[in-house]
Amino acid sequence: KYEQERVQNKSTYWVVFELLWRDFFKFFAVKHGNSIFFLDGTLGKKAHGEHPNSRRWSLDKRHLQAWKEGRTGYPLVDANMR
């Protein structure tokens, strides 16, 4: 409504975008509860099976060190760790 009555620009777009993301994560957290903080996340036991997002967790100290140093091979993870 504000954009229709006043002005629409990049700033108003980003305000709406950020509010939508905030609400999405809020409802996601309400739906899944504390499981969003678990090692296997919201997938639970499915995280170790045939699910496309399944992964095997490792306690390999080399992998932990690579993560700490931002050398995982995943650019988004590495960029955030540096």
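Preceding this paragraph is the structure being described.
Along every chain, residues carry numbers that run from 1 in the direction the sequence is written. Whole-chain, interface and lining totals are the exception, using all residues; otherwise, since this is a predicted model, local features are given only for residues with pLDDT of at least 70 and side-chain atom pairs are given and counted only at 80 or more. Values reported for side chains reflect all heavy atoms of the structure, with hydrogen atoms and water molecules removed beforehand.

K.L.:
Could you clarify how one ought to interpret the overall build of the protein chain in this entry?
P.N.:
For the protein chain, the count of helices and strands is 4 helices and 0 strands. Across the protein chain, helices and strands are ordered from the amino to the carboxyl terminus as α-α-α-α. Each residue gets one of three labels from its accessible area relative to the maximum for its type: buried under 20%, exposed over 50%, partly exposed in between, using a 1.4 Å probe on protein chains only. Taking all 82 residues of the protein chain together, 9% fall into the buried category. Contacts are residue-level and defined by heavy atoms, with any inter-residue pair within 4.5 Å sufficient. Restricting to contacts in the protein chain with at least 6 residues of sequence separation, those with at least 24 account for 0%. We get accessible surface area from the Shrake-Rupley algorithm with a probe of 1.4 Å; when it comes to residues, only the shown protein chains can shield them. Only carbon and sulfur atoms are counted for the fraction: they give 59% of the accessible area of the protein chain, which is about 7900 Å². Numbered from the N terminus, helices here are DSSP runs of H or I no shorter than four residues, and strands are runs of E no shorter than two.

K.L.:
Explain the side chain of Asp78 here, please?
P.N.:
Its location among the elements puts Asp78 in helix α4 (residues 75-81). The buried charged residue Asp78 lacks any salt bridge, with Arg82 as its nearest oppositely charged partner at 4.5 Å. Each residue touching Asp78, except ones within four places of it in the same chain, is listed here: Gly70, Arg71, Thr72 and Gly73. Counted as positive: Lys and Arg. Counted as negative: Asp and Glu, with His and the chain ends omitted from the count. For salt bridges, the criterion is a side-chain nitrogen of Lys or Arg within 4 Å of an Asp or Glu carboxyl oxygen.

K.L.:
Which parts of the structure should I look at to understand the environment of Phe28?
P.N.:
Along the chain, Phe28 turns up in helix α2 (residues 10-32). For Phe28, a relative accessible area of 29% puts it in the partly exposed group. Expressed as a C-alpha distance, the spacing of Phe28 and Thr42, which sit 14 residues apart in the sequence, is 9.8 Å. Here Phe28 is in contact with Ile36 and Thr42, once residues within four sequence places are set aside.

K.L.:
What's the story with the side chain of Ser35 in this structure? I'm lost.
P.N.:
With respect to the secondary-structure elements, Ser35 resides in the loop between α2 and α3 (61-68). Ignoring anything within four residues of it in the chain, the contact list for Ser35 reads Gly41 and Thr42.

K.L.:
Can you help me understand the pattern of salt bridges in this one?
P.N.:
Two side chains with opposite charge may pair up if their charged atoms get near one another. Summed over all chains, the structure comprises 3 salt bridges. Asp23 is the salt-bridge partner of Arg22, the closest N and O atoms lying 3.2 Å from each other. Asp23 sits in the partly exposed class, given a relative accessible area of 30%. We note a salt bridge from Glu69 to Arg71, for which the minimum N-O separation is 2.6 Å.

From the geometry alone we can't say anything about function, so treat these as descriptive.
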